[in-house]
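Residue-level listing of the chains:
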Amino acid sequence: MESSLSEYRVLDLTDEKGYFCGKILGDLGADVIKIERPGGDLGRRIGPFYKNECHPEKNLFWLTYNTSKRGITLNIETADGKAIFSELLRRSDFVIESFPPGYLSRLGLSYEEMRRINSRLIWVSISPFGQEGPYSSFKTSDLVSMAMGGLLYITGYPERPPVRIGVPQSYLLAASHGAAGALIAHYYRGKSGVGQQVDVSIQEAVTRALFLEPLFWDIEKFVIRRDGHYIKRYKLRQRELWECKDGLVFFRIFGGPTARRNKGLVEWMKEEEGNAGVLESVNWDSLNLSGVSQEEYDNSGWEEEIGKFLKKQTGEKIKIEAMKRNIIALFPCHTCQEILKDEQLAQRNYWVDIEYPYLGAAIRYPGAFCKMDLTLCRIGPAPKIGEHNREIYIQELGMSDTEYNTLVQGGIV
Amino acid sequence: MMKTALEGVKVLDLSWSLTGLLISKYLADHGAEVVWIESRAHPDVTRTNPPYRDGKAHPDHCAFASTALTSRFSFGLNMTKPGARETSERLIQWADIFVQSLRSGVLKEWGIAYEQISQWKPELIMLSISIYGQTGPRGGVAGWGYHTQGFQGLPYFTGDRDLPGVSVPLAFSDVSTPWLAVSALMAALDYRRKTGKGQHIDFSQIEAGLHFIPGHHLLDFSLNEREYERKGNHCDYACPHAVYPCRGDDRWCAITIFSDQEWEALCHGMGDPNWTKEEKFSTLRERKAHEEELDSHIGEWTRKFPPEEVMHLLQASGVPCGVVQNCADLMDNDPQLGYRQYWRKLSRPGLGECAHPAWPVRLSQTPYKLRPTPRFGEHTEYICKEYLNMSEQEINSLKEEGVLEFGYEPS
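How each quantity is defined
Residues numbered from 1 in each chain as written. Chains lettered and ligands numbered in written order. Predicted model: local features only at pLDDT ≥ 70, side-chain atom pairs only at ≥ 80, totals over all residues. Pairing = 2+ DSSP bridges. Helix = DSSP H or I, 4+ residues; strand = E, 2+ residues; numbered from the N terminus. Contact = placed C-beta atoms within 7 Å. Nonpolar A, V, L, I, M, F, W, Y, C, P; charged D, E, K, R; others polar. Buried ≥ 20, exposed ≤ 12 C-beta atoms within 10 Å, placed from the backbone. Expected span 1.5 Å × (residues − 1). Core = buried A, V, L, I, M, F, W, Y, C linked by C-beta atoms within 7 Å. Axes fitted to C-alpha atoms, helices over the stretch in contact; angles between N-to-C directions. Parallel < 35°, antiparallel > 145°, perpendicular 65-115°, else oblique. Left-handed = near helix turned anticlockwise from the far one by under 90°.

1. A closer look at the sheet that holds strand β13 (residues 404-405) of chain B
In space, the eight strands of this open sheet follow the order β14(A)-β6(B)-β5(B)-β4(B)-β1(B)-β2(B)-β3(B)-β13(B), with mixed pairing throughout. Of all strands in the sheet, those with a lone pairing partner are β14 (371-372) of chain A together with β13 of chain B, marking the two edges. With four bridges joining them, strand β2 (residues 33-38) of chain B and strand β3 (residues 73-77) of chain B adopt parallel strand pairing. Paired with E38 of chain B across the bridge in β3 of chain B is G76 of chain B.

2. Some words on the interface of chain B and chain A
Counting residues at the interface gives 122 residues for chain B, matched by 124 residues for chain A. The leading source of residues in the side of chain B that touches chain A is helix α10 (residues 178-195) of chain B, at 13 residues. Here the residues of the side of chain B that touches chain A sort into 68 nonpolar, 37 polar and 17 charged. In terms of strand pairing, strand β6 (residues 196-201) of chain A meets strand β12 (residues 361-363) of chain B through three bridges, oriented antiparallel. What sits directly across from D199 of chain A, in β12 of chain B, is R362 of chain B.

3. Focus on the environment of G108 of chain A
Residues and elements named next belong to chain A. Inspection of the secondary structure assignment puts G108 in the loop between α4 (103-107) and α5 (111-114). Among the residues examined, G108 registers 10 C-beta atoms within 10 Å and is labelled exposed. Along the primary structure G108 and K82 are separated by 26 residues, whereas in three dimensions their C-alpha atoms are 8.6 Å apart. Apart from residues no more than four positions distant in its own chain, G108 is found in contact with K82 and E113.

4. Section: α10 of chain B
Here α10 of chain B contains 18 residues, and its C-alpha end-to-end distance of 26 Å stays within 8% of the 26 Å for a straight helix at 1.5 Å per residue. For α10 of chain B, the buried fraction is high: 15 of the 18 residues fall into the buried class.

5. With respect to the nonpolar core
Core analysis: the biggest nonpolar cluster contains 240 residues, and L25, V124, V249 and C370 of chain A together with A184, C253 and I255 of chain B have the highest contact counts within it. Ranked by residues supplied to this core, first place goes to helix α7 (residues 170-192) of chain A with 13 residues. With residues up to four places along the chain from it excluded, the contact list for V124 of chain A reads C21, F94, V95, I96, G178, G181, A182, V198 and V200 of chain A.

6. Quick notes on the packing of helix α1 (residues 19-29) of chain B against α10 of chain B
All names here are of chain B. It is the contact of α1 with α10, at a shortest axis distance of 9 Å, that shows an interaxial angle of 50°. By the angle between their axes, α1 is oblique relative to α10. Note that α1 runs across α10; the crossing there is right-handed. Taking contact as the criterion, the partners of T19, L22, I23 and Y26 in α1 are, on α10, P178, A181 and V182. Tallied by class, residues from the contact of α1 with α10 come to six nonpolar, one polar and no charged.

Any functional reading would require information that these geometric values do not contain.
Below, the structure is given as structure tokens:
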């Protein structure tokens, strides 16, 4: 595999808001250098940890989102640190940072100043609300970004406060927009030689994940609210998430051309139970839900019949039968264990094992985010704290051992 | 006039139902020329779902289009007609990038599977989008973007401990993974610029989606054999960390405290009530041990104010805090989104003026530019004449065969 991006260097100064951005560029082959403060990123404190040992280099969150990077330490708040950073900038093509807006200006390291050193730079800034505007100095967290972006309001049980997706999503969404924006800017630089700043708002990255909800407000002045296991979009309130014998399962009764897919479930019910109750008399080929009122739907008994049946089945069996019978709207929820066992992912050689000698173990990673015929999309190891310091400072920048040791002792690297 | 980043990049889009459309929209809004093939034989969800302007169920009145179809040409072509093959090949000949989300068997039948096209157009970059990927036992099997949440286990991670988990009421992988595909396309374009070589990209929403959910918890299971337990809005290493009731109907704010400094700022923001000085709230460990009681104290205070007031008050003292905004807040009352002009008012016949979401990414030299959303088949004739050099006669005969489709009569 050739790497298209291997000739480009990325300086990654991000905290947890931006790790994923550098990972995407690194997975695509770019030479990403993660710059941490001496002692390591604060993000290395976010668990969980390998074998529950709270050690910054055994942090599974950090190890997940910093693959395919090299790692150095540098204190950019010191005079030496600034000089070294400027030196690195001359040799780089991208910078990714997620500091509070204004922080780098106070250090004299803002994009406006640094572009004088290297006008071709593409400078990705990921921040809670964008670089400018009335909320640009506001602090955030995943929960706050999910709240301000609008995804939180629509998730949860109607009788309880809104609830967030338990795996923090807002920073991942923003970081993936950052990577896309960086590479679009890179294409333009290829033609024009011009670099630029890519300003990403985490709030907007969350808002962009909404799709029909804003339209219902804009066109019909209707606010979509959270509704637990139900969804109400097109007049009808329908069950979307159901309980099965050992967990949860997704299914929705479809109308229109997709309704014929419901037939597979009815067939399965008949084979399993001898009959499918009220569902047997439904003409799935002509079912048009837009002509069904909520009262008719609720009184039809369809959801009760399906609910009773699904409650008796295991997730594993549902997965097999849905596949066999081509019931695309039926899918059980996986646990992590079930995801790792999945046959489709195994057959596609999705998982990537990376050896970490200092752990004495290999880590199994979610694999390449896509399969490319010719160019690289891979998962490389995540670095230890300062793992490539000597490689960069001594071998590449040409420091002497004495100079390097001075910097280490001075708390600069 | 400012330049666009992707000027001169030609994209043929034969995808439908969102993910592919969002990818081509990203490129189109950044200046690429995108020709989207659609057909009455297989109307897209962005033409057939409410809400409709004036309640009229008509493809050109469908507001959904505004979130996904801006800045492109709509080309009406019925690919199921044998006569469509030559036209589609000519469009592929024109394109640099071909985005599609059909099943591989269908493409082969139409003569436009990658192994067929690459014979005569090796420099083409083709992106195939699917739920499961192009190979493997589920390769080419249709899926439903909404339910990849199940594959990713989202409901087991989401919700309160004492209730079954909940889902996010939208097709989350449709709106989280496309940006990764944009990155892959740009890398492929960069490679082509240097080598002249095209390639095929096999993009599975699940394989990309697992980086989002469950992400690092997959490592936690494979190394520590630990399945995640959902914990509502709480967080293992921050406290308080929850959503609190505010004044008004279904009004809430989120407050998250990660350090002692932020805790002091919160106490100060609340006016230092006596309970905050109690020993049991003095450290993170203590606060975690008394979280329920703490949450109820804070809720007592927040419910006296509208959420905007809580946010401004606490942000001023340095607390990460925000309003749980609904769509009315986002579209009518958010000064930050207003400042950044996130919602763009664009107009088109049928739909009239309508808010279009912009992108969370601003390129300083080449900002995106949303151009209006086309009506169904709006550019069929234009593309035939300007891009494919078809004669009137040729156009008419393809129209009669039902190969080419043109716009609806205005309703």
